[in-house]
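What follows is the residue order along each chain.
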Amino acid sequence: MPTTLVRRGCHGYRRTFFSHSTLTRVALAGAVLALAALAPGAAAQQGAGGTITGTVVDASSGEPLPGAAVSIAGTRLGDIAKSGGRFRITVPAGHWALRARLLGYALATDSVIVADGATVEHDFRLQRSVASLSEVVVTGTRQPGRTAVDAPVPVDVLTAQQIQQSGLTETSQILELLAPSFNFPRPTLTDGTDHIRPASLRGLAPDQVLVLINGKRRHTSALVNINGSVGRGSMAVDLNAIPASAIDHIEILRDGAAAQYGSDAIAGVINIILKSTAPGELTAEVGQTNRGDGRVLQGAGNYSWALPRGGYLDLSAELRARDSTNRTGPDLRQQYFDGDPRNDIPQLNGRIDHWTGDPRLRGGAGMVNFSLPLASGVEVYSFGGVNFVNGLAAGFFRRALDDRTVRALYPNGFLPLIESHIWDVSGAAGVKGKTAGWSWDLGSVLGGNSFRYDVDHSVNVSMGTNSPTTFYAGTMKFDQWTTTLDVQRGFDIGWAEPLSVAWGAEVRRDHYAIDAGDSASWMHGDAPILDGPDSGKVAPAGAQVFPGFQPGDAESVSRTNVAGYVDLATNPVEQLLVDVAGRAEHYSDFGNTYTGKVAVRYEPVKGWALRGSVSNGFRAPSLGQEFFSTTSTNFIVVNGVTTPFDIRTFPVTSGEARALGAQPLRPEKSRNYSAGVAIQPIKTLSFTADYYHIGITDRVVLSGNFVGADVQQLLADSGFTNVSGGRFFTNAIDTRSEGIDLVLESGFDLGGAGTLRFTGGYNHNHTKVTHVDPTPPQLASHQEVLFDRVERGRIEAGQPKDNVRLNADWSRRGLNVALTESRFGSVETFGTDTTGANDQVFGAKWITDLSLSYRFTGGLRLTAGADNLFDVYPDKNIPANSFGGIFIYNGISPFGFNGAFYYVKVGIGI
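Residues numbered from 1 in each chain as written. Predicted model: local features only at pLDDT ≥ 70, side-chain atom pairs only at ≥ 80, totals over all residues. Heavy atoms only, no water.

Participant: Explain the overall build of the chain to me, please; I cannot follow it from the model alone.
Facilitator: Counting its regular elements, the chain contains 10 helices and 44 strands. A compact globule built from 910 residues should have a C-alpha radius of gyration of about 29 Å, and the chain, at 29 Å, falls within 12% of that. By its C-alpha atoms, the chain is 95 × 60 × 50 Å across when sized along the principal axes. In the chain, which comprises 910 residues, the proportion classed as buried is 59%. (Helix = DSSP H or I, 4+ residues; strand = E, 2+ residues; numbered from the N terminus. Rg over C-alpha atoms; globule rule 2.2 N^0.38 Å. Buried < 20%, exposed > 50% of the residue type's maximum accessible area, 1.4 Å probe, protein only.)

See below:
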């Protein structure tokens, strides 16, 4: 197919996050949007009227509810309840429908009559909503006012209260705690993946779930996960770049939605809604594990200002520091050459030399969310933020007897360290309004992520004693610019509900770049191995733990795509909802693609509904999967011996990849089927059960590592020397994922004893590799495997097949107690031995989290709690997988291996 991929030179990107041309286009787009918004508003006049004032309180306790949104139905007029629950709205004279809403409470409505110059007092007493299924959602539907229980597909709503009840500070960990279909393992010794850990939904790849912020597409990180972890080969969104203190609530659409939102929405959609009307608060948290490490210090603040006509400005900021954890066993291997007397010194043997656990992180983040309705009825909005993280993690320890050590510099060996400098920046601006009955939203969002590698406490052995010990190893960058137009209107055609007609368009540009590292980080010097049995032989080149990006790795590539969609939804009769969507997209490098979706909900009896959907989807390979190139050291078991290999990741377009039989990448294609029930017999009880079937063809994966003398000879015969092994991305497999999601929510108003809310969730998921492409002839003759059993095991058994979340939440006045029981299902690792001798199953574990919180008069809130209260650890590695007993636990564990974590949080309203 024709390709119009833009490729630029490899220079000029080292100090520029976004290209100058991109910034210019964004500035021009912002100016156009601002003029479009301001022009009609300049001539508008505000008429005379009156004022509505009042107080919003909790119906059970009578406590004020600051942060409640009070609005006039059918308009953009409204206010945010301040301290004491007070609100004030100026409206034209007339008869108005007044609404009050706060997440976690049921919507309250009433009517008021306002005369010119009059002030009307009206109070609201909100009833606590014990089921989040009654919350209005915006994900997965274009119809306004649709609730989660009314939706034809499953949507989870995670509230700010649920987010705050845990001592967890990372957004990904919070999602895993609250959503059983979400998985967030804690890999270690995986280079950059230690610093940006990928997460997944329904057992699929991290890049097969679409992430939105306020309904707008979120950019992915620049990191390509290439080492041995769940999500190997993917470029995923860094969810932890979004501070939890800025989140109002999260909507998780557990259904394929490519026809509605485009590429990546195969497993579903995570839509993070930022705070807009929340009461201001400053918080501080301190905590650590019961081993005394992993200390967390975090300070956060959030404040909202009410602007005219129901507008708002919300600012959030966080500063955080997390110390590392280490659960490594002693290194009992011989450390020095035979005959070295240091082998007999006890304190130099059996040391804790390695580092397996969480990295050390230091960073901060800020988010802004802004909306200002103009007098003309047009609303100007903007949101975005910045996140910075400086991380530190380790690789494998290099012993003094290792040929990868310069003993004159490190006489006792050394532990090389990877230091990351990660920047994540985003900004969105747009206007929306209503014209001739059509609601429209025109917006543009630019976001990007950069990941800089520095290598510390290391050496380039081929430079001998002249080698530096600190290296700049290069930077990866990704930025994305997306502009969307969304239009919707309801038409009364005589059916039970108006026909909702939504249509829109999207233009997106992706840009990916790699900057080369310092020459010392990758070069091959002239020095041989200086001493030991291999003295005089060729020394390994490049910085140990992470050889830098070479000039040949440096790339700057981009692509564009344009899309259009139509979405029709209505109730022909009151009991039946039908939603039909279609989407067409054109990629500059992959051509055209078409997707569609049909979703149906049938409610024969009030509160008892059947629902289901059929759709197809797609995911275009990321630019990183097409063009990423690097060298990394992998430890591979060969004939029972763990051996280091410097493995090259070849772009599929490179000569080396073609010599190994690589083919150009194709988009993934999927078929999604779901069917379920949604039951809400009473307001305080809801239950949903949904079955899903997701078939994916041409799934993009990173091949196995092709190593050995035969492969080296194959590459040498094609003119590529000094390469000990390689791998590349390929559309090698088809998969089938099937599962079921169960969600139960109930609640009880205990009167003077408070309220009790219970939430239960269960996910069962089974993924099967249904097809593997034949190994290319070039490799088949060398007995290599395109997709080996280790990678097959990672996809089929590397994520839990069963997850359970049980949460009980009791509140009385200012006191709150939250108890969560989580069952993380078993996972399995496959070894390279085809007999399965080194395969290992890590059994299911129950984890208990408990928090106790009290809000004092005056707004002070104190929380104390424990995550993993009973200090549960995953099963230990069997001896064959423990690297001589050094690696006690496996990074595949879905809940990590840090043990119990205790914390205290203090919050004060402002």
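And the narrative resumes.
Participant: What exactly am I supposed to notice about the pattern of salt bridges here?
Facilitator: Where side chains of opposite charge bring their charged atoms close, a pairing between them can arise. All chains considered together, the criterion is met by 44 salt bridges. Close ionic contact of aspartate 510 with arginine 559 constitutes a salt bridge, the shortest N to O distance being 3.8 Å. Highlighted residues: aspartate 510 in strand 25 (residues 499-516) and arginine 559 in strand 26 (residues 555-573), separated in sequence by 49 residues. Assessed through its relative accessible area of 6%, aspartate 510 is described here as buried. (Salt bridge = Lys/Arg side-chain N within 4 Å of Asp/Glu carboxyl O.)

Participant: For this particular structure, what's the right way to read the environment of histidine 219?
Facilitator: Looking at the element boundaries, histidine 219 is found in the loop between strand 14 (216-217) and strand 15 (247-253). In this structure, the C-alpha to C-alpha distance between histidine 219 and aspartate 238, residues 19 residues apart in sequence, is 8.7 Å. Here histidine 219 is in contact with Val237, Asp424, Val425, Ser426, Gly447, Gly448, Asn449, Phe478 and Gln480, once residues within four sequence places are set aside. Polar side-chain contacts of histidine 219 include one of 2.9 Å to the side chain of aspartate 424. (Contact = heavy atoms within 4.5 Å. Polar contact = N/O pair within 3.5 Å; in protein donor to acceptor, adjacent residues only side chain to side chain.)

Participant: Explain the pairing of strand 2 (residues 49-58) here, please?
Facilitator: Walk down a regular strand and you will see the side chains alternate between the two sheet faces. Taking burial as the measure, the 10 residues of strand 2 include nine buried ones, the bulk of the element. In this structure, strand 2 lies alongside strand 5 (residues 86-92), joined through seven bridges in antiparallel fashion. Looking at strand 5, one finds that glycine 50 is bridged to valine 91. Here three bridges tie strand 2 to strand 8 (residues 119-121), and the two strands are oriented parallel to one another. Across the sheet, isoleucine 52 pairs through a bridge with valine 120, a residue of strand 8. As judged from the three bridges shared by strand 2 and strand 9 (residues 124-126), these two strands associate in the parallel manner. Looking at the pairing, valine 56 lines up with phenylalanine 124 of strand 9. (Pairing = 2+ DSSP bridges.)

Participant: For this particular structure, what's the right way to read the sheet that holds strand 6 (residues 94-101)?
Facilitator: What links the strands of a sheet is backbone hydrogen bonding, and the strands pair in either a parallel or an antiparallel sense. Taken together, the four strands give an open sheet; going across it, the order is 4-3-6-7, and neighbouring strands pair in antiparallel fashion. The open sheet terminates on both sides in strands that have one partner only, identified here as strand 4 (78-80) and strand 7 (108-114). Pairs of neighbouring strands in the sheet enclose a mean axial angle of 20°, with direction left out of account. Pairing analysis gives three bridges linking strand 3 (residues 69-72) to strand 4, with the strands arranged antiparallel. For serine 71, the partnering residue across the bridge sits in strand 4 and is glycine 78. (Axes fitted to C-alpha atoms, helices over the stretch in contact; angles between N-to-C directions.)

Participant: Please clarify how the sheet that holds strand 14 should be interpreted in this entry.
Facilitator: The mixed open sheet is built from five strands, whose spatial order is 10-15-16-13-14. A single partner strand is all that each edge strand has here, and the edge strands are strand 10 (155-159) and strand 14. Note: strand 10 against strand 15, five bridges, orientation antiparallel. By the bridge assignment, valine 155 is partnered in strand 15 with leucine 253.

Participant: What exactly am I supposed to notice about unusual backbone geometry here?
Facilitator: Peptide bonds are, in most cases, trans, and in most cases residues other than glycine have a negative phi. Even without being glycine, aspartate 871 reaches a positive phi, approximately 55°. A positive phi is found at phenylalanine 883, a non-glycine position, where the angle reads about 55°. With respect to the element layout, phenylalanine 883 can be found in the loop between strand 43 (860-867) and strand 44 (901-909).

Participant: How should I be thinking about helix 10 (residues 789-797) in this particular structure?
Facilitator: One turn of an α-helix holds 3.6 residues; hence residues three or four places apart share an orientation. Within the sequence span of helix 10, burial applies to Glu791, Gly793, Arg794, Ile795, Glu796 and Ala797. Next to the buried residues of helix 10 lie strand 33 (685-702), strand 36 (729-749), strand 37 (755-772) and strand 40 (827-829). The backbone nitrogen of valine 790 lies 3.2 Å from a side-chain oxygen of the residue at the head of helix 10, namely aspartate 788.

Participant: Even after reading the chapter, I still don't get the environment of isoleucine 647, so can you show me in this structure?
Facilitator: Along the chain, the position of isoleucine 647 falls in strand 31 (residues 641-649). Measuring from C-alpha to C-alpha, the distance between isoleucine 647 and valine 723 comes to 7.6 Å, with 76 residues separating the pair along the chain.

Participant: Would you take a moment to explain the packing of aromatic side chains for this structure?
Facilitator: Where two aromatic rings form a pair, the distance of their centres and the angle of their planes describe that pair. All chains considered together, the criterion is met by 20 aromatic pairs. Measuring from centroid to centroid gives 5.4 Å for phenylalanine 396 and phenylalanine 887, while their planes differ by 80°, and the two rings are edge-to-face. With phenylalanine 396 in the loop between strand 21 (379-394) and strand 22 (417-435) and phenylalanine 887 in the loop between strand 43 and strand 44, the pair connects residues that are 491 residues apart, well separated along the chain. Against the face of tyrosine 381 rests lysine 432, its NZ or CZ located 5.5 Å from the ring centre. (Phe/Tyr/Trp six-rings, centres within 6.5 Å; stacked < 30°, edge-to-face > 60°. Lys NZ or Arg CZ within 6 Å of the ring centre and 35° of its normal.)

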